[in-house]
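Here are the chains, one letter per residue:
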Amino acid sequence: MNAHEIDYHIYGEEMQYVEIELDPQEGVVAESGSFMMMSDGIKMDTIFGDGSNQSQDILGKLFSAGKRLLTGESLFMTVFSNISVGKKKVSFAAPYPGQIIPIDLSELGGKFICQKDAFLCAAKGVSVGIEFSKRLGRGLFGGEGFIMQKLEGDGLTFVHAGGNMSKKVLQAGEVLKVDTGCVVGFTKDVNYDIEFVGGIKNTVFGGEGLFFATLQGPGTVYVQSLPFSRLAGRVLALAPQTGNKRRGEGSILGGIGDLLDGDNRI
């Protein structure tokens, strides 16, 4: 498996995008909805699956693409190819505030496992598949369910983490405990499991969930500070619950304060 060799540059701080430079005949594959902009001379094609094995027959392609439905993604992906004679650029944007992380699969043993919605784009030739959890507890309580995404090959791939990202390199036998929603991904040799928090007070009043994700080395783990589920939960908690009634955050004037500050939404 030989993925295309691509050059890139990541722009921005909180709302990042990655600009990828393609030589003639090079391509990059991306999830639907991540495209931002591209130069003239780049061709966009919608394909089944990730395009990593176009030698398969139609049934093989359908089966490979169909597995993506289990991760909540579309049957189709989009490939952007440089069909001109010079270098061209195409850019992909992060879906929410956070960081875009470049992952060189050739330096990580050819495989990286990540949460279902972390993948952004990759060099054409990288295989985007699914990784089933072999442990019942991890599947039921691990935050990511039984299925995660599996990125395989020898090329560059880009994943997205919410908030700030922390990279932890674990030695053999070293264990890291993480909130289940904060795991972005890890290399193939990391042993991923879950652990009950323990203690009645921690369980009932801790507010941090009932389980930790435990990741045991050797390997590399990527952790995010702001999972999208946590961000969405805070937004929903502050949203009006009935009609157009608002909470008047932090103000003793409440709705009157909205009139004074010009917020007169109906």
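Rules and cut-offs
Residues numbered from 1 in each chain as written. Predicted model: local features only at pLDDT ≥ 70, side-chain atom pairs only at ≥ 80, totals over all residues. Heavy atoms only, no water. pLDDT = per-residue confidence, 0-100. Contact = heavy atoms within 4.5 Å. Phe/Tyr/Trp six-rings, centres within 6.5 Å; stacked < 30°, edge-to-face > 60°. Helix = DSSP H or I, 4+ residues; strand = E, 2+ residues; numbered from the N terminus. Buried < 20%, exposed > 50% of the residue type's maximum accessible area, 1.4 Å probe, protein only. Pairing = 2+ DSSP bridges. Axes fitted to C-alpha atoms, helices over the stretch in contact; angles between N-to-C directions.

Undergrad: Let's hear about the confidence of the model for the chain: which residues, and what values?
TA: The predicted model of the chain has a mean per-residue pLDDT of 77, with 68% of residues at 70 or higher. Below a pLDDT of 50 lies the segment residues 201-207, which in the model reaches 7 contacts outside its immediate sequence neighbourhood of four places, other chains included. In the predicted structure, residues 247-253 sits below a pLDDT of 50 and forms 5 contacts with residues beyond four places in sequence or in another chain.

Undergrad: For the packing of aromatic side chains, give the residues involved together with the corresponding values.
TA: This model, assessed by the stated rule, comprises 6 aromatic pairs. Judged by centre distance (5.7 Å) and plane angle (75 degrees), the ring pair of Phe112 and Tyr222 falls under edge-to-face. Separated by 110 residues along the polypeptide, Phe112 in strand 9 (residues 111-114) and Tyr222 in strand 19 (residues 219-224) bring together distant segments of the chain. Exposure class is identical for Phe112 and Tyr222. Each is buried. Connected via pairs of aromatic rings, a cluster forms that spans Phe35, Phe80 and Phe92.

Undergrad: Quick one: what's the story with the sheet that holds strand 18 (residues 211-216), residue by residue and with numbers?
TA: Spatially, 3 strands are ordered 15-18-17 in an open sheet, and the strand pairing comes out antiparallel. At either end of the open sheet lies a strand with only one pairing partner, and these are strand 15 (175-179) and strand 17 (191-196). Across the sheet, the axes of successive neighbouring strands diverge by a mean angle of 30 degrees, strand direction being ignored. The pairing of strand 15 with strand 18 spans 5 bridges and is classified as antiparallel. Across the sheet, Lys177 pairs through a bridge with Thr214, a residue of strand 18.

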